[in-house]
Amino acid sequence: MSTTRNVDYVGMFKIAGVLSMLLIVGTIVLYFTKGINYGVDFRGGVEVQVKFNQSVGLGELRSLMEENKVPMSQLQSIGDEKQNEFLLKLETDKGGDLNAVSNQVSEVLTSKYGAGKFEILKNDIVGPKAGAELRTSAFKALFWAILAIMIYLALRFDYKFAPGAIAALLHDVTIIVGAFILTQKEFSLQIVAALLAIIGYSVNDTVVIYDRVREIEQTHPTLSTVEIINRALNETMSRTIITSATVFGVSIVMLFMGGSVIHDFFFAMTIGVILGVYSTIFIAIPMTAFYEKFVNKKAV
Amino acid sequence: MAKGWWFRFTLLAALLIGSLMAITPTFLNLKSDSAFPMKTKINLGLDLQGGLYMVLGIDFNKVYRDEVIGYARKASATLKDVGIESTLGTLDASDVRDPKHSIILAKESDRDAAVAKLREFYQYPLRITKEEGTTLQYGLGREFVKEIETTALSKSIEVIRNRIDEFGVTEPEIVSQGEDRIVVQLPGVKDITRAKDLIGRTAKLEFKFVNDEVSPTALTEWLDKVKKAGIEYKKGERFSDYVRAINTHLVNDLPKGYEITFAKTVSKNTNEITNLEPYLVEAGTALTGEELQEAIVRIDQQQNRPYVGLEFKPNGAKIFEQITGANIGKRLAIVLDGNVYSAPVVQGRIAGGSAQITLGAGDYNATMSEARDLALVLRAGALPVELVFEEQRVVGPSLGADAIDKAQAAALAGSFLVLVFMCIYYKLSGVIATITILLNVLFTLSCLILVGATLSLPGIAGIALTVGMAVDGNILIYERIREELKIGMTPYEAVRTGFEKAFWAIADANITTALAGICLLNFGTGPVRGFAVTLLIGICTTVYTSYFVSKVLFEMYVGKGDRKTLSI
């Protein structure tokens, strides 16, 4: 990055806008057709992760549970099927005793395979009330985080910066949710944590460039808004690329090496890092120029 | 050197020594009796070391109901003291959150006097809701309800802690969440079923006299009537809900002040109810487990069967003696959590204050462990409320071990990649960045240890993120310094301006991320909070290391301005 390039990022806003709109509309369509695969955290129910010492097939396990009338809603193998590791999701009718259902699973497995032949790696039970509350608290956390960031931006910088930053955040969050719907990965509390981390990153990127915009505004008051913004983007581009590349690198290493427990978290993070950079450069910052144009027009 | 450099350098050195000491016990895995001055190790989350996490909800409705029934007896006795005769009326539990009970006066003309007396005596706990003919109906006082709730919550926590202490778990965590929740964390627990059973069991022991005036056929007829009305016990439902439904349905049939309860036999293998024997017992109770002094496992020598021996406190012994003396020939049911364990006939006044709970037949070892757990919960005290398992997370120890290995390896690999890149891309300055980033991780870990926070998997993710932020902080400064060098500044000036101009970008970026972290901390639960805590600590250490520590090191590197080139 020895020479500062001069790329017209603001000019690409329209193309980027169309692309983003397509992705957002796609997410909305997916939301209504496929729906979010909520994890046990939000849906309530029982999740049992079990690993066998011997070879057990998916079909064998399914018919065993059906024979014993275990109210199973989903069964999947974790990782390679040869690892003999499975995730069972159970649901009861309203008011059913989740605890009893969860015990039933280990009873059925013990009577079929014998104690010590399998290990319950994880057993999560979330009652319907707790599930509903976790959902609200997660939503609240997201809402307040975005609001707090907006207020901070408005106070620290200028109100004209806030809409672009918020649009970029909503854009990132929506499209990541879309990715989760598309892959039907489980949307759990951990993913909400990932979304918040992404929001933090995305704003981080945006703020660094706003900072530069403000600096150029002060040192070069004669430049037009579009010129200032393009200049700020170009000047900070090397930093943007290096930072994103390193975070992306860490994220992708964690995604492939980090094991099943944190896999989904870093799936969200990896997509989020790319989206964060894209939305900062092509949405948040250029939007400031358009917002200003709109307000100026009104003022005239 | 710049102004105050030595001071800042000394501060850094002191922090470094402090942090190294803080993490020593964790990294060298020191035993608690070692001579090293610091003892605390890092607190690993349940996802990393295995264990049980649960959220228990308190079912207050039953407490309201018990209180309201309990006051009928007391109120009736109070009225009798001033010469007003009355009998116990019925329970109206149509609003489960505000149950009401009535007292039937012998004479309607006593009503005003009775109301006045009750107001005088029970103004705080009760509120009179209806005065009609000979009927006086009351509910619980508003303030009193709040008191019941807070007492029930703190008492429940205390009882659970007692039980867990007897059960033997290292570093259990039992805290309240909001007004009606208890969070229990038991790291490293192996026997999850037993732990859950010990915690969730109400262990409410009551002694109730059986109404033998009602014939067994009448009992059967009532139960048939209930069955016809479609009230049946379904597997998976709470048994106590079923019993409650029966009594609500039969409220006009049963003799006043009595209710139906069962002796329930459950098969050990299938967990299914094999036999239900109905009893008609007093609704209120003369004596409860509160009056217990001791509960010990004893062995019946003749039958070689374990039982639980009970010793009452002096006051309880007195009540026991009095009620057995007044009810010779009647059966006294020993009811535990609504289930009749036995109902021996009272042969005579029982002095000395001891009783026993006999357990069902079965193999010796099973009965023994049942007796042991029962004695344990009785000793630790009854829960004042029924607890509902709202959320439970069990992580097997091997998943935890696997998770920590993989996450650690990945975090190391990721960090290594970044550090190597920094050293190549920024040369000597990259080495400075590497030092500050390593310091950042060190400071974050030692802060976690010092504040006693828990490191969970999302927490490791939080550290990975702060490393990213720290790298960004360095990059911001270095890119700035490069820009300043390009416009012809000397290394000394470039470093000074670079740091100055990058400061607000770093601060703003970290503050906005911190805002998201604070929101997580406030609204998140369990594992998400762990992430938030590491993130917030990490942000503080990031700002310190990647700005202030970098500055100290850079000032050392460029010296007083005589350096001509900068390796950046």
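Residues numbered from 1 in each chain as written. Chains lettered and ligands numbered in written order. Predicted model: local features only at pLDDT ≥ 70, side-chain atom pairs only at ≥ 80, totals over all residues.

1. Observations regarding the overall build of chain B
Stage number 1. Of regular secondary structure, chain B possesses 14 helices and 19 strands.
Stage number 2. For a compact globule of 568 residues, the expected C-alpha radius of gyration is about 24 Å, and chain B comes in at 34 Å, more than 25% above that figure.
Stage number 3. In terms of principal-axis extent, the alpha carbons of chain B reach across some 110 × 60 × 45 Å.
Stage number 4. Within chain B, the proportion of its 568 residues that are buried is 40%.
Stage number 5. If you take every contact in chain B between residues at least 6 apart in sequence, the share linking residues at least 24 apart comes to 69%. (Helix = DSSP H or I, 4+ residues; strand = E, 2+ residues; numbered from the N terminus. Rg over C-alpha atoms; globule rule 2.2 N^0.38 Å. Buried ≥ 20, exposed ≤ 12 C-beta atoms within 10 Å, placed from the backbone. Contact = placed C-beta atoms within 7 Å.)

2. As for the overall build of chain A
Stage number 1. Along chain A, the regular secondary structure elements total 9 helices and 4 strands.
Stage number 2. Helices (α) and strands (β) of chain A occur, in sequence order from the N terminus, as α-α-β-α-β-β-α-β-α-α-α-α-α.
Stage number 3. For chain A, whose C-alpha radius of gyration is 24 Å, the value lies well above the compact-globule estimate of 19 Å for 300 residues.
Stage number 4. Within chain A, the fraction of its 300 residues that count as buried is 44%.
Stage number 5. If you take every contact in chain A between residues at least 6 apart in sequence, the share linking residues at least 24 apart comes to 76%.

3. Some words on the sheet that holds strand β4 (residues 100–105) of chain B
Residue and element names in this part refer to chain B.
Stage number 1. Strand order in the open sheet formed by 4 strands is β3-β4-β6-β5, and the pairing between neighbours is antiparallel. Looking at which strands have only one partner, the edges of the open sheet turn out to be β3 (86–92) and β5 (126–132). Taken pair by pair, the neighbouring strands of this sheet meet at an average axis angle of 25 degrees, ignoring direction.
Stage number 2. Each of β3, β4, β5 and β6 (135–140) is contacted by helix α3 (residues 60–81), which is oriented at about 20 degrees to β4, the strand it contacts most. (Pairing = 2+ DSSP bridges. Axes fitted to C-alpha atoms, helices over the stretch in contact; angles between N-to-C directions.)

4. Some thoughts on the interface of chain A and chain B
Stage number 1. Taken residue by residue, the interface counts 56 residues in chain A and 56 residues in chain B.
Stage number 2. For the side of chain A that touches chain B, the secondary-structure elements that each account for two or more residues are α4 (98–113), β4 (118–126), α5 (128–156), α7 (189–219), α8 (225–257) and α9 (260–299) of chain A.
Stage number 3. Sorting elements by how many residues they give to the side of chain A that touches chain B places α7(A) first, with 13 residues.
Stage number 4. Class assignment of the residues belonging to the side of chain A that touches chain B gives a composition of 32 nonpolar, 15 polar and 9 charged.
Stage number 5. In this structure, β4(A) lies alongside strand β18 (residues 386–395) of chain B, joined through 5 bridges in antiparallel fashion. Bridge pairing in β18(B) places A:Asn123 opposite B:Val394. (Nonpolar A, V, L, I, M, F, W, Y, C, P; charged D, E, K, R; others polar.)

5. A short note on the domain arrangement of chain B
All names here are of chain B.
Stage number 1. The domains assigned to chain B are domain 1 (5–48 + 398–558), domain 2 (62–143) and domain 3 (203–384).
Stage number 2. Distance between the C-alpha centres of domain 2 and domain 3: 27 Å.
Stage number 3. Taken together, the contacts link 9 residues of domain 2 with 7 residues of domain 3.
Stage number 4. Those elements that place two or more of their residues in the side of domain 2 that touches domain 3 are α3 and β3.
Stage number 5. Its residues assigned to classes, the side of domain 2 that touches domain 3 comprises 4 nonpolar, 4 polar and 1 charged. (Domains from an automatic or database assignment.)

6. Some words on unusual backbone geometry
Stage number 1. One non-glycine residue, A:Gln184, lies in positive phi territory at about 55 degrees.
Stage number 2. Mapped onto the elements, A:Gln184 comes out in the loop between α6 (162–183) and α7.
Stage number 3. Positive phi outside glycine occurs at B:Ala203, with the angle close to 60 degrees.
Stage number 4. Locating B:Ala203 in the fold gives a position in the loop between α6 (192–200) and β9 (205–209).

7. Observations concerning the pairing of strand β2 (residues 51–59) of chain B
All names here are of chain B.
Stage number 1. Of all 9 residues in β2, 8 are buried, a share of seventy percent or more.
Stage number 2. In this structure, β2 lies alongside strand β8 (residues 181–187), joined through 7 bridges in antiparallel fashion. Bridge pairing in β8 links Met54 to Val184.
Stage number 3. When β2 meets β18, the two strands line up antiparallel, connected through 9 bridges. Paired with Gly51 across the two strands is Val395, which belongs to β18.

8. Some points on the packing of α5(A) against α6(A)
Residue and element names in this part refer to chain A.
Stage number 1. Running from N to C, α5 and α6 cross one another at 155 degrees; their axes reach a closest spacing of 9 Å. By the angle between their axes, α5 is roughly antiparallel relative to α6. In the packing of α5 onto α6, the handedness of the crossing is right-handed. Judged by residue contacts, Ile146, Met150, Leu153 and Ala154 of α5 engage Ala162, Ala165, Ile166 and Leu169 from α6.
Stage number 2. Per-class residue counts for the contact of α5 with α6 are 8 nonpolar, no polar and no charged. (Parallel < 35°, antiparallel > 145°, perpendicular 65-115°, else oblique. Left-handed = near helix turned anticlockwise from the far one by under 90°.)

9. Considerations on the sheet that holds β18(B)
Stage number 1. Read across the sheet, 8 strands follow the order β2(A)-β3(A)-β1(A)-β4(A)-β18(B)-β2(B)-β8(B)-β7(B) without closing on themselves; strand pairing throughout is antiparallel. Since the sheet does not close on itself, it has two edges, and those belong to β2 (72–77) of chain A together with β7 (173–177) of chain B, each with one partner. Averaged over all pairs of adjacent strands, the angle between strand axes in this sheet comes to 20 degrees, irrespective of strand direction.
Stage number 2. Helix-sheet contacts for helix α11 (residues 397–451) of chain B involve β4 of chain A together with β18 of chain B, and the interaxial angle to β4(A) is about 90 degrees.

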